[in-house]
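Architecture at a glance
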Amino acid sequence: MDGGRFKLYDQLELQEFQDKYVIKSVESPDQGFSIGRRDGNVEPLNGDSSPSPSKVSTIYGVVGTIRLVAGTYVLVITSRKEVGSFLGFPVFKVMSMKFLSCNEALKFSTTQEKKDEAYFRTLLRTVESTPGLYYSYEADITLNLQRRYKLAEGWMNKSIWKQADPRFVWNRNLLEDLIESKLDGFVIPLLQGNILIFLFSFNCGLSFQAAQLNLKSSHVTITLLSRRCTRRLGTRMWRRGANLEGDTANFIETEQLLEHEGFRSSFLQIRGSIPLLWEQIVDLSYKPRLRIINHEQTSNVVERHFHDLLQRYGETVAVDLTDKHGDEGQLNEAYGAEMKKLQDVRYVSFDFHHYCGNSNFDNIKVLYDQISEDFEKQGYFLVDTEGNILEEQKGVIRVNCIDCLDRTNVTQNFLAEKSLNVQLQRIGVLTSSECISMLAEEHGKFRALWAEQGDEISLEYAGTLALKGDLVRYGKQTIVGVIKDGMSALSRYYLNNFHDGVRQDAMDLISGHYSVNRNNPSPFQLNGFESLSYLPVASALIVGGLTLTTFTLQNAGRNTQQFIASVICAGVSAGVMALVKANGRQFCSRPRLCGLL
């Protein structure tokens, strides 16, 4: 505790013994706990003296523990980076993590259990490199500003994990052992998303006619904070749409915070996959077909999703940016049909590619004209220097495209800029006739802030930087941007087809969507042979066949045997290609722990 406010231990000492790990606070050495290397049991320190450890190192937090087939593993933060402050409290980004093994019982396991443990450990190595994890030792960063001011007095004196919104605690499933052992000073809720902070300098009373005047400088801090929901955590192709509870994939609450001379304001937006039951299974094609899952619960799923939003955010406007033709068009039509059944949510369909394609970004104003009345009525949250609430945000805009990445980023950036202008005018930084776009340097910083946010969110979900980043940064596409988008699109294709199955398993394991039970059959034994392992063989046959075909064709005119050899090589190549194409799904990396819903 620090002046009545709860504070976590921010620097820890990790001591390694033959039979246990000991983790202590550097500032309060009597505070800590041990973890048995044989059984993984967590026990608070009892003051007994121990022999000298074999190794001592500094760590910066304990993310939690997870039990697998034959042992327990402890995840610790090994390096961090301070990225700024949230409402005056330092915020850190996790730069590296490491699992400590407490699995000496593995030697007594069966052959299959050892195989399973080995695969689970590869998943843990994937978890160690999870991007976009943030935390604070002194403040809960999962709650938006408006919710914080609505909480009962004394709430901030509670343990930080008790303050947190469980939807946005990435490591919630890993904290159980620490919480049960009442080690509140070591329980760090991690947020996945992003926190970007910039200091802007504005000129008050700006006059373009009198640019030579010495004008008073005004400093404004803008923080962009995105919070990823863990209820349907996953990768781009393996977590689409909603589950039966109404939780959607890639659901993110984005808050734009503004601080100026004691005033604080906040503007919230949300994004999330279309809340229907649908899938888009990878099959080696560049753009796999979308499939809507016909289910008797579909209407209930949509209703549950929006009921939850109405309870949390108030009046909701659902903006759908998907195409109105092709596969997207079918999904757009099905979504629109379900939304007609809801009386208290407004649904707006805006074909982004139709209106804003070919770099016609200014046409997004067509969308704004449709929602401006609701947008202005919803407003933003504002408190003065005394903490008095001057304005409240009375609703939220929910934006989606197919991935809820690229088109969504462009649209949310546009709405955020609209809100920022109103807020800056309200607190007197800008006059009613001024806007941030008049200040080229500051407007560029603001756009860059949103572009970086889009990149980080995309890395977490799709594994690559966001597409259409130029539209956010510059309001138009550039040649360099087109090339970057092409590279990112190819990277997405590779990751989605050949890597994301493992990433999805890692997310399902760490989030608790899959629980390891030693008494259950092996999840890997049930799935039979791994078709992915045959892909290199098939690829080699195709490349080799095409090479031989080319070589023999050059000599085909010399004799009949060369011509027949060319035909055979071409036939084998075509046959293997047809086989791979027909069984594309089987050759892709697939998750093996959980189903799609």
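This text gives an overview of the structure that appears in the document. (Residues numbered from 1 in each chain as written. Predicted model: local features only at pLDDT ≥ 70, side-chain atom pairs only at ≥ 80, totals over all residues. Heavy atoms only, no water.)

Regarding the overall build of the protein
Within the protein one finds 15 helices and 20 strands. In the protein, buried positions account for 53% of the 597 residues. Sequence-distant contacts in the protein: of pairs separated by 6 or more residues, those separated by 24 or more amount to 69%. When the accessible surface of the protein is summed, it comes to about 26800 Å², and 51% of that surface belongs to carbon and sulfur atoms. (Helix = DSSP H or I, 4+ residues; strand = E, 2+ residues; numbered from the N terminus. Buried < 20%, exposed > 50% of the residue type's maximum accessible area, 1.4 Å probe, protein only. Contact = heavy atoms within 4.5 Å. Areas by Shrake-Rupley, 256 points an atom, 1.4 Å probe, with all protein chains shown as cover.)

Some words on the nonpolar core
With 42 residues, the main nonpolar core has Val319, Leu321, Phe352, Ile364 and Leu367 as its most contacted residues. Among the elements that take part in this core, helix 9 (residues 406-426) stands out by supplying six residues, more than any other. Each residue touching Ile364, except ones within four places of it in the same chain, is listed here: Phe350, Phe352, Cys356, Val410, Thr411 and Phe414. Core analysis: the next-biggest nonpolar cluster, separate from the first, contains 34 residues, Ile66, Leu75, Trp170 and Ile510 among them. (Core = buried A, V, L, I, M, F, W, Y, C linked by side-chain atoms within 4.5 Å.)

Looking at the environment of Leu8
As for its placement among the helices and strands, Leu8 is situated in the segment before strand 1 (12-16). On the accessibility criterion, Leu8 (1% relative accessible area) is buried. A sequence separation of 176 residues divides Leu8 from Asp184, and the C-alpha atoms of the two residues are 7.8 Å apart. Non-local contacts of Leu8, meaning those with residues more than four positions away in its chain, are made with Ser136, Tyr137, Ile160, Asp184, Gly185, Phe186, Val187 and Ile188.

Digging into the pairing of strand 13 (residues 263-271)
Across the nine residues that make up strand 13, a large majority, seven, are buried. Hairpin connection of strand 12 (residues 252-260) to strand 13: two residues between the antiparallel strands, including Glu261 at a positive phi of 45 degrees. Here two bridges tie strand 13 to strand 20 (residues 395-400), and the two strands are oriented parallel to one another. Its bridge partner being in strand 20, Arg271 is matched across the sheet by Val399. (Pairing = 2+ DSSP bridges.)

Some remarks on helix 12 (residues 479-498)
Taking 1.5 Å of rise per residue, 20 residues should cover 28 Å, and helix 12 covers 29 Å from first to last C-alpha, within 8% of that figure. For helix 12, the complete set of buried residues consists of Gly481, Asp485, Ser488, Ala489, Arg492, Leu495, Asn496 and Asn497. Residues of helix 12 that are buried make contact with helix 9, helix 10 (440-461), helix 11 (469-473) and helix 13 (500-511). (Expected span 1.5 Å × (residues − 1).)

Here's the deal with the environment of Ser458
Locating Ser458 in the fold gives a position in helix 10. Along the sequence, Ser458 and Leu405 sit 53 residues apart, while their C-alpha atoms lie 6.2 Å from each other. Residues within four places of Ser458 in sequence aside, it is in contact with Leu405, Gly463, Thr464, Leu465, Ala466 and Arg492. Here Arg492 takes part through its side chain, which lies 3.0 Å from a polar atom of the side chain of Ser458. (Polar contact = N/O pair within 3.5 Å; in protein donor to acceptor, adjacent residues only side chain to side chain.)

Looking at the packing of aromatic side chains
One pass over the full model with this rule turns up 14 aromatic pairs. Chaining the aromatic ring pairs together yields one cluster made of Phe267, Tyr368, Phe375 and Phe414. The ring of Phe92 carries Arg80 above its face, with NZ or CZ at 4.7 Å from the centroid. (Phe/Tyr/Trp six-rings, centres within 6.5 Å; stacked < 30°, edge-to-face > 60°. Lys NZ or Arg CZ within 6 Å of the ring centre and 35° of its normal.)

Details of the sheet that holds strand 4 (residues 42-44)
If you walk across this open sheet you meet the five strands as 4-3-2-1-5, and the pairing is antiparallel. The open sheet has two edge strands with one neighbour each: strand 4 and strand 5 (55-59). If you compare each strand with its neighbour and ignore which way they point, the axes differ by 20 degrees on average. Bridge analysis of strand 3 (residues 32-36) against strand 4 gives three bridges, and the strand direction is antiparallel. Following the sheet pairing, Phe33 is matched in strand 4 by Pro44. (Axes fitted to C-alpha atoms, helices over the stretch in contact; angles between N-to-C directions.)

Quick notes on the packing of helix 8 (residues 364-378) against helix 9
In contact at an axis separation of 12 Å, helix 8 and helix 9 are set at 50 degrees when each is read in the N-to-C sense. Considering the angle they form, helix 8 stands oblique to helix 9. The element helix 8 and its partner helix 9 pack so that their crossing is right-handed. In contact with Ile364, Lys365, Leu367, Tyr368, Ile371 and Phe375 of helix 8, helix 9 contributes Val410, Thr411, Phe414, Leu415, Lys418 and Ser419. Residues belonging to the contact of helix 8 with helix 9 are distributed by class as follows: eight nonpolar, two polar and two charged. (Parallel < 35°, antiparallel > 145°, perpendicular 65-115°, else oblique. Left-handed = near helix turned anticlockwise from the far one by under 90°. Nonpolar A, V, L, I, M, F, W, Y, C, P; charged D, E, K, R; others polar.)

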